[in-house]
Amino acid sequence: METGFTVEQLRAAAADAVRAPSLHNTQPWRLRLRDGGIEVAVDRERHLPATDPSGWGARIACGAALFNLRLSLAAAGTPATVRLRPYPTEPDIVARLTPDVPRRPTPAELALHAAIPRRFSNRAPFWPDPVPADARWRLGEAARAEQGWLEMVIGVSAVNAFAEIAHSANRVLERDPAYRAEREAWVRRAPAPDGIPAAAGGPLGEPQDLLPSRGFGGRDRAPGRDFEPEPLVAVLGSPGNTTTDQVIAGQALQRVLLTATDAGLAVSMLSQPIEVPGAREALRLSLGRFGTPQMVMRVGYGQPGSPTPRRDVDEVLDVPVGQR
Ligand SMILES: Cc1cc2nc3c(=O)[nH]c(=O)nc-3n(C[C@H](O)[C@H](O)[C@H](O)COP(=O)(O)O)c2cc1C
């Protein structure tokens, strides 16, 4: 009787895990096989000290990679039991997965799994068409299924109030030269396995834009290609804000993103109002919510685009010698 996951199972699931989103596409995760369990760890060598001093972003990314791992194993008929933060003395190991009872994947699992390679951050303007109520409901359900919450910012005045919070957070961040240098260092103008390709960075921001863009050195945009006038802004949150809550929020984020992809929706993320503590609190109060906002998304119908690069799976694996 098989007691643990094999290197082959790890390798196949890791190919899905690394498709997760991460701040500046830093891919801050390591995956290892230890005593038959697959472990997900934060890779401290890929931290962004100026942009992500607390490690929140790295834990969100690891949570998203963990969700892909779970989905991949379930889609292969070998679902996992997950323990978050399994070793109190090793906080960088965010999760350990061990084999659960094998079973056939559900249609929902297969649909979300099929969305993994199709999902990408779409920073271009969306079509003005509204996102229907049933699609919004599905996104909320996806967050709730992973112990998160999703709050839609509805109405012109609420969206304007959000935009003000986002712009003021962006101004605070932009004042820091170390933050700007870090972003510049992760924009790629030649092919690379990580960072943000200039072509994926979205158009350059313009003064009339309602929401701030992150400034990944994108292109000027053609006249008339303005952003949608009434964007659907969705805020993802978690009940608390411990390091484990952030990993949970990362899983909820990925479930929402894959659900959106499956529903034919495009999403871009904007986390400036999460990264500035005062803005994050203002956002929480404006939503009238307990808990902690962990990510903001713009959701809509977008032009086709393409996924961004990832490092080779072998670069993120730690496998016992002799099992490579
Ligand atoms: C914690 C976190 C914060 C992010 N913040 C932003 C952001 O503020 N602006 C943005 O355009 N993209 C943001 N992203 C998206 C990443 O830049 C993107 O996931 C990464 O470049 C990989 O590209 P992909 O999503 O197309 O796979 C964020 C992603 C994560 C996980």
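All of these numbers come straight from a predicted model, not from anything done at the bench. (Residues numbered from 1 in each chain as written. Predicted model: local features only at pLDDT ≥ 70, side-chain atom pairs only at ≥ 80, totals over all residues. Heavy atoms only, no water.)

Reading across the sheet, the four strands line up as E5-E8-E10-E9 and stay open at both edges, with antiparallel pairing between neighbours. Both outer strands of the open sheet, strand E5 (149-153) and strand E9 (266-269), are each paired with one neighbouring strand and no more. If you compare each strand with its neighbour and ignore which way they point, the axes differ by 30 degrees on average. Of the pairings in the sheet, the one linking E9 to strand E10 (residues 292-300) comprises four bridges and is antiparallel in character. Its bridge partner being in E10, Ser268 is matched across the sheet by Arg298. Against the sheet, helix H4 (residues 133-145) engages E5, strand E8 (232-238) and E10, with an angle of about 150 degrees to E5. (Pairing = 2+ DSSP bridges. Helix = DSSP H or I, 4+ residues; strand = E, 2+ residues; numbered from the N terminus. Axes fitted to C-alpha atoms, helices over the stretch in contact; angles between N-to-C directions. Contact = heavy atoms within 4.5 Å.)

This paragraph deals with the sheet that holds strand E3 (residues 80-84). One open sheet holds the five strands; their spatial order is E3-E4-E2-E1-E11, and the pairing between them is mixed. A strand with exactly one partner marks an edge of an open sheet, and here the two such strands are E3 and strand E11 (317-318). Bridge count between strand E1 (residues 29-34) and strand E2 (residues 37-42): six bridges; the pairing is antiparallel. Looking at the pairing, Arg32 lines up with Glu39 of E2. Where helix H1 (residues 7-17) meets the sheet, its contacts fall on E1, E2 and E11, and the angle it forms with E1 comes to roughly 165 degrees. With respect to the sheet, helix H2 (residues 56-75) is in contact with E1, E2, E3 and strand E4 (93-99), its orientation differing from that of E2 by roughly 160 degrees.

It is worth spelling out the nonpolar core at this point. Ranked by size, the top nonpolar core spans 40 residues in total, and within it Leu150, Phe162, Leu236, Met297 and Val299 carry the most contacts. Listing elements by their share of this core, those giving two or more residues are H2, H4, E5, helix H5 (156-174), E8, helix H7 (243-262), helix H9 (277-287) and E10. Here the element with the most residues in this core is H7; it accounts for six residues. Ignoring any residue separated from it by four or fewer positions in sequence, one finds Met297 in contact with Leu150, Leu232, Val233, Ala234, Leu236, Leu253, Val256, Leu257, Val267, Ser268, Met269 and Leu270. (Core = buried A, V, L, I, M, F, W, Y, C linked by side-chain atoms within 4.5 Å. Buried < 20%, exposed > 50% of the residue type's maximum accessible area, 1.4 Å probe, protein only.)

This paragraph deals with the pairing of E10. Every other side chain in a regular strand lies on the same face of the sheet, so the side chains alternate between the two faces. Burial analysis of E10 places nine of its nine residues in the buried class, the great majority of the element. In this sheet, E10 lies alongside E8 in antiparallel orientation, the contact comprising seven bridges. Note that in E10 the partner of Gly237 across the bridge is Pro293.

Before going further, it helps to spend a moment on the domain arrangement of the chain. Each assigned domain of the chain is listed with its residue range as follows: domain 1 (7-119) and domain 2 (133-300). A C-alpha centroid distance of 21 Å is found between domain 1 and domain 2. On the domain 2 side, the residues contacting the 31 residues of domain 1 number 35 residues. Taken together, both faces of the contact between domain 1 and domain 2 bury some 2900 Å²; the carbon and sulfur share is 64%. Area buried by domain 1 at its contact with domain 2 is led by His24, Trp56 and Ile60, which between them contribute 24% of it. Run the count over domain 1 and domain 2 and you get two salt bridges. Arg46 is paired through a salt bridge with Asp194; the nearest N and O atoms lie 2.5 Å apart. Run the count over domain 1 and domain 2 and you get 12 residue pairs in polar contact (both at pLDDT 80 or more). At the level of secondary structure, the elements contributing two or more residues to the side of domain 1 that touches domain 2 comprise H2 and helix H3 (107-115). Among the residues forming the side of domain 1 that touches domain 2, the class breakdown is 18 nonpolar, seven polar and six charged. (Domains from an automatic or database assignment. Buried area = accessible area lost by both parts, 1.4 Å probe. Salt bridge = Lys/Arg side-chain N within 4 Å of Asp/Glu carboxyl O. Polar contact = N/O pair within 3.5 Å; in protein donor to acceptor, adjacent residues only side chain to side chain. Nonpolar A, V, L, I, M, F, W, Y, C, P; charged D, E, K, R; others polar.)

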